[in-house]
Amino acid sequence: MATVDYLQDAGDETDASSYTFSSQNLGDANTGRYILVFGSARSVNVCDFTAVSVGGVSATILNAHHLGIAGSVSLMVSAIAAVPTGTTGDVVFTISNTCVRMHMDMYRMTGLVSDTPTDSLVDDSVPYSGNIDVLAGGVLFGFQGGYGSAGYSWTNISTDDFDGGTGTAEMNSAHEVFAEAQTGLTVSYGAILDGSTSMM
């Protein structure tokens, strides 16, 4: 069964196309340790996250997505990296154009069978509701990023880990480990402004 620990969040209000969050806590080292990061940024440019690294390890981008038009763009990313050694490390996000602010949060995981999600959903509708399958012993993550994304809660994901952000680079993340398999689990999130929801 997967073990999940929420680590921390961090934000940056500078204009940049690359954000480095230095010396972030990675938790205890473990040969089977994975670090999952979620990021939310705001820009006047239409752009996307193009690369993420954790502790010097290139992360696999699970979802990179934006919504909005030039002048008001929200962009989101989820990425995972196998980082077996070290207890701290830099987390670096690269974006295809300049943003005005960014926020991110992090999870430590062990006991994964694979770092590839067995099911995933991405949707821009608000409020959001969708169905997803989860393997027995698997973990379900919910991530909402974008302007107006904070201040709401999830249904059928039990642990709300972070709700907030840096200015309008808002986000909410939650998770639940399921001992038994879930088929077509209905999950919803109540944001009513522009944002994008991803689950995996």
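Quick note: structure is the one above.
Notes on the structure in this doc start here. Only a predicted model underlies this, so the values are computations on that prediction, with no experimental measurement involved. Along each chain, numbering runs from 1 in the same order as the chain's sequence is written. In view of the model being predicted, local features appear only for residues whose pLDDT reaches at least 70, and side-chain atom pairs are presented and counted only at 80 or more, with totals across whole chains, interfaces and linings using the full set of residues. Side-chain numbers come from the whole structure's heavy atoms, not from hydrogens or water.

**Brief notes about the pattern of salt bridges**
Heads up, the rule is: Whenever a carboxyl oxygen of Asp or Glu lies within 4 Å of a side-chain nitrogen of Lys or Arg, that contact is scored as a salt bridge. Elements are defined by DSSP. Helices are runs of H or I of four residues or more, strands are runs of E of two residues or more, and each kind is numbered from the N terminus. Relative accessible area decides the class of each residue, using a 1.4 Å probe on protein chains only: under 20% of the type maximum gives buried, over 50% gives exposed, and in between gives partly exposed.
All told, the structure shown has one salt bridge when counted by the stated rule. A salt bridge links D5 to R108; the shortest N-O distance between them is 3.5 Å. Of this pair, D5 sits in strand β1 (residues 3–12) while R108 sits in strand β9 (residues 101–110), placing them 103 residues apart in sequence. Residue class for R108 comes out buried when judged on its relative accessible area of 9%.

**Side note on the pairing of strand β14 (residues 159–166)**
Condition: Pairing between strands is defined by DSSP: at least two bridges between the two strands are required.
When β14 meets strand β15 (residues 169–178), the two strands line up antiparallel, connected through seven bridges. Within the sheet, the bridge partner assigned to G164 lies in β15 and is M171. Counted between consecutive antiparallel strands, the loop separating β14 from β15 contains two residues, among which G167 sits at a positive phi close to 60°.

**Describing unusual backbone geometry**
For S23, which is not glycine, the phi torsion reads 50° and is therefore positive. Tracing the backbone through its elements, the reader meets S23 in strand β2 (residues 16–25). Of note in the backbone geometry, N156 takes a positive phi value of approximately 70° without being a glycine. Turning to its location among the elements, N156 is positioned in the loop between β13 (154–155) and β14. Look at N156 and you get partly exposed, because its relative accessible area is 45%.

**Thoughts on the pairing of strand β12 (residues 138–145)**
Looking along a regular strand, one sees the side chains alternate between the two faces of the sheet. Of all eight residues in β12, eight are buried; the element is thus mostly enclosed. Side chains of β12 alternate between two faces, with G138, L140, G142 and Q144 and V139, F141, F143 and G145 buried alike. Two elements, β12 and β15, share eight bridges in a ladder whose sense is antiparallel. Along β15, the bridge assignment pairs G138 with F178.

**Observations concerning the packing of aromatic side chains**
How two aromatic rings sit relative to each other is set out by the distance from centre to centre and by the angle between their planes. Quick reminder of the rule: Pairing of aromatic side chains here covers Phe, Tyr and the six-membered ring of Trp, requires ring centres within 6.5 Å, and sorts the geometry by plane angle: under 30 degrees stacked, over 60 edge-to-face, intermediate tilted.
Within the structure shown, the criterion is met by eight aromatic pairs. Between F38 and F143, the aromatic rings sit 4.6 Å apart at their centres with planes inclined by 5°, giving stacked as the arrangement. On the criterion of sequence distance, the pair formed by F38 in strand β3 (residues 34–43) and F143 in strand β12 is long-range, its members being 105 residues apart. The exposure class assigned to F38 is buried, which follows from its relative accessible area of 0%. By relative accessible area, which is 1% here, F143 ends up buried. Between Y107 and F141, the ring centres sit 4.9 Å apart and the planes meet at 75°, which makes this aromatic pair edge-to-face. With a gap of 34 residues between them, Y107 in strand β9 and F141 in strand β12 connect regions that are remote in the sequence.

**Comments concerning the sheet that holds strand β6 (residues 60–69)**
To keep things clear, this is the line we draw: Angles shown run from 0 to 180 degrees and are taken between the N-to-C directions of axes, each axis being a line fitted to C-alpha atoms and, for helices, limited to the stretch in contact.
Spatially, β1-β9-β3-β7-β6 is the arrangement adopted by the five strands of the open sheet, whose pairing is antiparallel. Both outer strands of the open sheet, β1 and β6, are each paired with one neighbouring strand and no more. Each adjacent strand pair in this sheet contributes to an overall mean axis angle of 10°, direction not counted. By the bridge criterion, nine bridges tie β6 to strand β7 (residues 72–82) in an arrangement that is antiparallel. Across the sheet, residue G68 finds its bridge partner in β7, namely V73.

**Here's the deal with the sheet that holds strand β5 (residues 57–58)**
Pairing is antiparallel across the open sheet formed by four strands, whose spatial order is β2-β8-β4-β5. For this open sheet the edge positions go to β2 and β5, each flanked by a neighbour on one side alone. Direction of pairing for strand β4 (residues 49–54) relative to β5: antiparallel, over a ladder of two bridges. Within the sheet, the bridge partner assigned to S53 lies in β5 and is S58.

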